[in-house]
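Observations on the three-dimensional arrangement
Chain residues, written in single-letter form:
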Amino acid sequence: MTRFNTQLVHGLPVNDNNTGAVNPPIYNSSTYAFESVNAMPRWDYARSGNPTRDFLEKQIAQLEHGTRGFAFASGLAAIHAVLSIFKPGDRIVVGKNIYGGTYSLFNEYFAERGITFEAVDTADYKALDDAVSGRCRTTFDGRQLEDTTPAKAVYFEVLTNPLLQINNVNRISAIAHRYGALSIVDNTFVTPYLQRPLDLGADVVIHSATKYLAGHSEVNAGLVVVLDEEVGRKVYFAQNRFGGVLAPVECNDVRRGIQTLALRMDRQQSNAQSIAEYLLVHPLIKTVNYPGVRGDTARLLADNGLKGFGGVLSFEVVPGVDPAIVLDNLKIFHLAVSLGAVESLAELPCRMTHFELPREERLKVGITDELIRLSVGIEDVTDLIEDLGQALDKAYDALLASGAEEDIFGNLSAGLFA
Ligand SMILES: *Cc1c(COP(=O)(O)O)cnc(C)c1O
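Conventions and cut-offs
- Residues numbered from 1 in each chain as written.
- Predicted model: local features only at pLDDT ≥ 70, side-chain atom pairs only at ≥ 80, totals over all residues.
- Heavy atoms only, no water.
- Salt bridge = Lys/Arg side-chain N within 4 Å of Asp/Glu carboxyl O.
- Buried < 20%, exposed > 50% of the residue type's maximum accessible area, 1.4 Å probe, protein only.
- Helix = DSSP H or I, 4+ residues; strand = E, 2+ residues; numbered from the N terminus.
- Pairing = 2+ DSSP bridges.
- Contact = heavy atoms within 4.5 Å.
- Axes fitted to C-alpha atoms, helices over the stretch in contact; angles between N-to-C directions.
- UniProt positions renumbered as here; feature names shortened; annotations may be inferred.
- Domains from an automatic or database assignment.
- Buried area = accessible area lost by both parts, 1.4 Å probe.
- Lys, Arg positive; Asp, Glu negative; His and termini not counted.
- Phe/Tyr/Trp six-rings, centres within 6.5 Å; stacked < 30°, edge-to-face > 60°.
- Lys NZ or Arg CZ within 6 Å of the ring centre and 35° of its normal.

**Quick look at the pattern of salt bridges**
For side chains bearing opposite charge, pairing can occur when the charged atoms are close. One pass over the full model with this rule turns up 18 salt bridges. Here arginine 135 ties to aspartate 129 by a salt bridge, and the two come within 2.7 Å at their closest N and O atoms. The exposure class of arginine 135 is exposed, given its relative accessible area of 51%. Arginine 373 is the partner of glutamate 347 in a salt bridge, and the nearest nitrogen-oxygen pair spans 3.3 Å. Separated by 26 residues along the polypeptide, glutamate 347 in strand 13 (residues 345-347) and arginine 373 in strand 14 (residues 371-375) bring together distant segments of the chain. You can call arginine 373 buried: its relative accessible area is 2%. Overlapping salt bridges, with partners in common, bring together Lys126, Asp129, Asp130, Arg135 and Arg178 in one network.

**Observations regarding the sheet that holds strand 12 (residues 334-335)**
Across the sheet, five strands lie side by side as 10-11-14-13-12; this open sheet has mixed pairing. In the strand order of this sheet, the two ends are held by strand 10 (285-289) and strand 12, each with one partner. Strand direction decides the pairing type here: strand 10 and strand 11 (residues 312-317), joined by four bridges, are antiparallel. Its bridge partner being in strand 11, valine 288 is matched across the sheet by phenylalanine 315. Taken strand by strand, helix 10 (residues 261-280) contacts strand 10, strand 11 and strand 14, and its axis lies near 15 degrees from that of strand 11.

**So, the UniProt feature "modified residue: N6-(pyridoxal phosphate)lysine" (unreviewed entry) in the protein**
Within this structure's numbering, the places UniProt gives as "modified residue: N6-(pyridoxal phosphate)lysine" (unreviewed entry) are Lys211. Inspection of the secondary structure assignment puts lysine 211 in the loop between strand 8 (204-208) and strand 9 (222-226). In this structure, lysine 211 is in contact with Tyr99, Thr188, Ser338, Leu339 and Gly340, ignoring residues within four places of it in sequence.

**So, the domain arrangement of the protein**
How large an interface is tends to be reported as the accessible area lost when its parts come together. Looking at the protein, the domain boundaries give domain 1 (4-258) and domain 2 (262-413). For domain 1 versus domain 2, the distance between C-alpha centres works out to 29 Å. On the domain 2 side, the residues contacting the 30 residues of domain 1 number 36 residues. Of the roughly 2,800 Å² buried where domain 1 meets domain 2, counting both sides, 58% is carbon and sulfur surface. For domain 1, the biggest contributors to the area lost against domain 2 are Tyr193, Leu194 and Tyr212; these three give 26% of the whole. For the pair domain 1 and domain 2, the interface holds zero salt bridges. The set of elements that each furnish at least two residues to the side of domain 1 that touches domain 2 consists of helix 1 (4-10), helix 7 (191-194) and helix 9 (248-259). The leading source of residues in the side of domain 1 that touches domain 2 is helix 7, at three residues.

**Some points on the sheet that holds strand 7 (residues 182-186)**
In sheet architecture, strand pairing relies on hydrogen bonds along the backbone and comes in two forms, parallel and antiparallel. Here seven strands make up an open sheet; going across it, the order is 1-9-8-7-6-2-3 and the pairing mixed. Bordering the open sheet on either side are strand 1 (68-72) and strand 3 (116-120), each of which pairs with just one other strand. Along the sheet, successive strands turn relative to each other by an average axial angle of 20 degrees, direction set aside. As paired elements, strand 1 and strand 9 share five bridges and run antiparallel to each other.

**Looking at the side chain of arginine 264**
Here arginine 264 lies in helix 10. For arginine 264, which is buried and forms no salt bridge, the nearest opposite charge comes from glutamate 343, at a distance of 9.1 Å. Every residue in contact with arginine 264, bar those within four places of it in the chain, is listed here: Tyr212, Leu213, Ala214, Gly215, His216, Gly257, Ile258, Gly340, Val342 and Ile378.

**Here's the deal with unusual backbone geometry**
Put simply, asparagine 161 and proline 162 share a cis peptide bond, and its omega is 5 degrees. For proline 162, the location among the structural elements is in the loop between strand 6 (153-157) and helix 6 (169-178). In this structure, asparagine 97 is a non-glycine residue whose phi angle is positive, near 65 degrees. Along the chain, asparagine 97 falls in the loop between strand 2 (91-95) and helix 4 (100-110). Given the relative accessible area of 15%, asparagine 97 is considered buried. Although it is not a glycine, leucine 164 sits at a positive phi angle of roughly 60 degrees. Looking at the element boundaries, leucine 164 is found in the loop between strand 6 and helix 6.

**Quick notes on the packing of aromatic side chains**
For any pair of aromatic rings, the description consists of the separation of the ring centres together with the inter-plane angle of the planes. Applying the stated criterion to the full structure yields five aromatic pairs. Ring geometry for phenylalanine 106 versus phenylalanine 117: centroids 4.7 Å apart, planes at 5 degrees, classification stacked. Of this pair, phenylalanine 106 sits in helix 4 while phenylalanine 117 sits in strand 3, and the two are 11 residues apart along the sequence. Across the pair, phenylalanine 117 and phenylalanine 106 agree in class, each one buried. With centroids separated by 5.0 Å and ring planes inclined at 85 degrees, the aromatic side chains of phenylalanine 106 and tyrosine 155 adopt a geometry described as edge-to-face. Remark: tyrosine 155 occurs in strand 6 and phenylalanine 106 occurs in helix 4; sequence separation between them is 49 residues. Residue tyrosine 155 is classed as buried on the basis of its relative accessible area, which comes to 1%. Through successive ring pairs, a cluster of aromatic residues spans Phe106, Phe117 and Tyr155. Over the ring of tryptophan 43 we find arginine 42; its NZ or CZ atom is 3.8 Å from the centre of that ring.

The following block contains the structure:
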């Protein structure tokens, strides 16, 4: 058995390569010739299966310690396929603070087709237990429901976006299993390098491979890994019938990205840690959301079965400072949504990634108008810190020019000592 870093580079051996090429070939063929009418070829049509996709699907199953993997044209196509294994009348408990597109897919598509979604703070184990058991039920739109059938699944993300709260896969999965529900984990922010949810009790792992796994802002891709054969059969049905499969060339892009996952993530994490520490003591910053600056990090990692906290962080500027001026003046960070790539990105969740969430809902979960999210890349961290520093200086200059100095100093101390 090879180890993780070797598996990243090599995947499983490719046996049909006659040329000596060190990379698995890209099979750009949608159809495959039968040897005879009676033959049952391994490959017949590319929606049903393609050797390039098969390589990637086997590799992600290996990396996540699952039994079967699936590659989709995007993270949302993957989530759609997984959710399609449920039926009208089924109830799914969903962690608060899930990816906006997922939230919308659940509430504007699946909810209209008879599946009930219930949002719960998955760090509140009592509330989670009540919700999964069916004892206490509140839908996304705040309605109280009465029947007491247990939920069919719990769906959550390990590190929440953009506040970087940690969901404990072990504890949450144990509660799900108490009532026969599946534990479905979106592991996009964490990757199998930092945690393997299936080892901690989850049943299904989903990735937007667009982010860390592919890692270069080149492709949209989604991956799913399952443990159970029957669940795998249903996900395969959805993959083959909806047909949201990942194209061979893009499967190869994701495969190539995966080869350097550990190297990239190591740098992204150490850069994110340094930036979080810099922001923590910056006078224009009110809060920093990154688990690496939350105190006893060794315990936080051990308790949650994590090897690190990834490369995304967020922070709030003190009231009076305009976060748009900070963002508009960044020179190395691109002002862009998405995350997990080699280049650093910055964005304003209230206007960009989370604009669809009603303001009241946003504020309730802590996504304020002053919150900036960073996806930290692999650049020299000194350049990144200098970039943030000069952009914050510009925002401070603008504040002074607006004549609101007194205000800021009042707010500054409130921010520093609150
Ligand atoms: C981006 C993202 C998705 C959606 O993936 P796409 O590839 O954009 O379809 C789902 N979950 C999380 C956590 C994401 O960051």
